[in-house]
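Chain by chain, the residues run as shown.
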Amino acid sequence: MYSYTDFDAAFVAERNRQFRAQVARRIDGSLTEDEFKPFRLMNGVYLQLHAYMLRVAIPYGTLRAEQMEMLAHLAETWDKGYGHFTTRQNIQYNWPTLGDIPEMLDALASVEMHAIQTSGNTIRNVTADHFAGAAADEIADPRPVAELIRQWSTDHPEFQALPRKFKVAVTGAQADRAVIRAHDIGLRLHEQNGDLGAEVIVGGGLGRTPMIGKTIADHVSLDDLPAYLEAVVSVWNLLGRRDNKYKARIKITVHEHGIDEIRARVEDRFALIRPTFTGAHMDLYEEIRAQFAPPGFRNAPTDAFDTAYAADPVFRAWADTNLSAHKAPGYAIAQISLKAHGATPGDASAEQMRVMARIARAYGHDELRISHEQNVVLPHVHKSDLPEIHAILKAHGLATANIGLISDIIACPGMDYCALATARSIPIAQQIATRFDELKLEHDVGDLKIKISGCINACGHHHVGHIGILGLDRAGVENYQVTLGGDHTETLALGDRTGPGFSAEEIVPAIERIVTAYLNHRENAEESFLQAYRRLGMEPFKQALYGDAAKRSQAA
Amino acid sequence: MPRAFTPKVITANALISGEVVYLTADDRWSPHLPQAELLTDEAHAQLRLVEANARQSEVVGVYLADMASTDHGPEPTHFREDFRRRGPSNYDHGKQAVL
Ligand code: SF4
């Protein structure tokens, strides 16, 4: 895993020193809020509904055990004992005081972490496939490329005042687990005639105007990639609509100018700047890549796994839902669900963080990942260790067997924390998970992703949920709009709106009616919700939601 | 006839702790909504807003929030202010912990 160079460490220390002084000057009154705000946003500090919030980057979702322990330490020392993992592989602390934040940042720096460029109109934390370096379907580990992009984009002098925020996601596998087509830039690493490079996708994004990213280049060699990315961002930096923040993201630029014009401009720009990349970037890449060498996998029998799998139904259920195929023989990728029924999606207590760190250290080659689906991943575990791992997880409320099921809900903080929210998300997620747990239906329902956002900004990815829920404020009352048929994978699709929204009291029964309709209409248990929706269309679900009222309004 | 003025309070977050606070009639910042000064006159509300905004070294994010006048003081007319005065609904981590 990547370790800071002296340069990285000095850079972060200097930024922290500057920010400490800025906070001091804000507190002693020498800086007004207007003067201070740009500084705090450069360092991940937001003002939310009830308090300040500190957003810490977890680059490409990768953590060492000691880093997770430090996150626990922060939660305990300067927050209320927990942290919230987000859909962008960040962790958010909801209750720090302004005066404590410099201490928190110094503590983070001691384990090579920071909050730089987790807010503001900059290139944000680069996200990646949370199974990177482990997945059986992987062509190249996306993390060295993600780290290269992080170094290139951090404090990039040309890109500190972009038209709007800019998000990059990287995958190196066949399956897309990083939602790359919903990012400003999405990269899919692949090989062409033995040359490692990336398909470059631009102009994706959810939010107010959801767009699926378009391929701007089929294959850009790794050697050319930094210059190409710089060309894309710099073309947008000039063209991007600074006059209207709702039109400032690159998705609108691509939409307004067309992908062909953008491609031509990028190519011109690329021709100009490519010669300035004289090879140091590839030396750096090789240095970074060496640090992501796979761990020393061991060759051992998996009998312990097979025995537990046959004997223990609780372990079996967990193994069936929470494990994924690993590239090394005898190994598995294990997901730790942060979605216990009724709990807040993505929250982990300090104690749980420590338990996960301990497991990673003892059994998981010292690695943890945070998924954009707000779960934690043990990317490399030998199958023979899984029964013990499961027992430890179970003892700490971390063994929920629901990955990919209806209670594995993405929910943004919504109006319980977020100052931009128009409605709450968390209680809706809690109620849906609790309800389907009571019904004992979720294993029967199978693969079904519910994603909830508390406003149009779509941090909860509702557009790409099989069932998406968007919380709105309708004349001073929380109201929830439903979309169906979204898809967050390599076949990315935006969901279709069902019709009028539902009140906070009506939304859970409405979701239940959708699920019942699916169960009634599916061809067999193998047909997933998404497949059934694609075959059946909206009609049966509309009927289930709105009854004859839907028919009447159609006839009219 | 001029449109009736919806009563308001001045609210903000405390500069250092970030806690939700309300401006009282005697110019304190209180964490408790019932202690807030209820502003029923538009001109007076604007004046108080200017005064509050000048207190940059105490608070951040000052604004006027709509309230209803009730027997037990100002009551939020919108759910956002209801959550702000109470705390989040998933944990008793906010003001509700001490209320
Ligand atoms: S979707 Fe809206 S409410 Fe949810 S976290 Fe994002 S900005 Fe806040």
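Computed from a predicted model, the values in this text were never measured in an experiment.

Let us look at the site of the ligand. Contacts to the ligand come from Cys412(A), Pro413(A), Gly414(A), Cys418(A), Leu420(A), Ala421(A), Gly454(A), Cys455(A), Asn457(A), Ala458(A) and Cys459(A). Residues belonging to the shell around the ligand are distributed by class as follows: 8 nonpolar, 3 polar and no charged.

Residue and element names in this part refer to chain B. On the secondary structure map, leucine 64 appears in strand 4 (residues 59–70). Note: C-alpha distance between leucine 64 and isoleucine 10 (54 residues apart in sequence) is 4.7 Å. Not counting residues within four places of it along the chain, the set of residues in contact with leucine 64 comprises Lys8, Val9, Ile10, Leu39, Ala45, Gln46 and Leu49.

In this description, a pair of aromatic rings is defined by centroid distance and the angle of the planes. All names here are of chain A. Evaluated as defined, the whole model comprises 17 aromatic pairs over all chains. Look at tryptophan 95 and tyrosine 417: their rings are 6.3 Å apart centre to centre, the planes differ by 80°, and that puts the pair in the edge-to-face class. Of this pair, tryptophan 95 sits in the loop between strand 5 (90–93) and helix 4 (101–109) while tyrosine 417 is found in the loop between strand 16 (410–411) and helix 14 (426–439), placing the two residues 322 residues apart along the sequence. Each member of the pair tryptophan 95 and tyrosine 417 is classed as buried. Aromatic ring contacts, followed pair by pair, group Phe305, Tyr309, Phe315 and Trp318 into a single cluster. Between lysine 383 and the ring centre of phenylalanine 305, over which it is positioned, the NZ or CZ distance is 5.1 Å.

Residues and elements named next belong to chain A. One can read the domain layout of chain A as domain 1 (6–109), domain 2 (128–291), domain 3 (306–395) and domain 4 (410–555). If you look at the interface, domain 2 gives 11 residues, while domain 4 gives 12 residues. Both sides of the domain 2 and domain 4 interface together cover about 1000 Å² of buried area, and 72% of this is carbon and sulfur. Of all residues in domain 2, Val179, Leu206 and Ile212 bury the most surface against domain 4, accounting for 43% of the area lost on that side. In this structure, the connection of domain 2 to domain 4 is made through 0 salt bridges. One can count 2 residue pairs in polar contact (both at pLDDT 80 or more) joining domain 2 with domain 4. A class-by-class count of the residues in the side of domain 2 that touches domain 4 yields 6 nonpolar, 2 polar and 3 charged.

Once that is clear, we can look at the sheet that holds strand 5 of chain A. Note on sheets: strands pair through backbone hydrogen bonds, and any given pair is parallel or antiparallel. Residue and element names in this part refer to chain A. Spatially, 5 strands are ordered 1-2-5-4-13 in an open sheet, and the strand pairing comes out antiparallel. Strands with a single pairing partner mark the edges of an open sheet, and in this sheet they are strand 1 (45–47) and strand 13 (347–349). Each strand axis lies, on average, 30° off the axis of its neighbour in the sheet, ignoring direction. Where helix 12 (residues 350–363) meets the sheet, its contacts fall on strand 4 (82–85), strand 5 and strand 13, and the angle it forms with strand 13 comes to roughly 85°.

Conventions and cut-offs
Residues numbered from 1 in each chain as written. Chains lettered and ligands numbered in written order. Predicted model: local features only at pLDDT ≥ 70, side-chain atom pairs only at ≥ 80, totals over all residues. Heavy atoms only, no water. Near = heavy atom within 4 Å. Nonpolar A, V, L, I, M, F, W, Y, C, P; charged D, E, K, R; others polar. Helix = DSSP H or I, 4+ residues; strand = E, 2+ residues; numbered from the N terminus. Contact = heavy atoms within 4.5 Å. Phe/Tyr/Trp six-rings, centres within 6.5 Å; stacked < 30°, edge-to-face > 60°. Buried < 20%, exposed > 50% of the residue type's maximum accessible area, 1.4 Å probe, protein only. Lys NZ or Arg CZ within 6 Å of the ring centre and 35° of its normal. Domains from an automatic or database assignment. Buried area = accessible area lost by both parts, 1.4 Å probe. Salt bridge = Lys/Arg side-chain N within 4 Å of Asp/Glu carboxyl O. Polar contact = N/O pair within 3.5 Å; in protein donor to acceptor, adjacent residues only side chain to side chain. Pairing = 2+ DSSP bridges. Axes fitted to C-alpha atoms, helices over the stretch in contact; angles between N-to-C directions.

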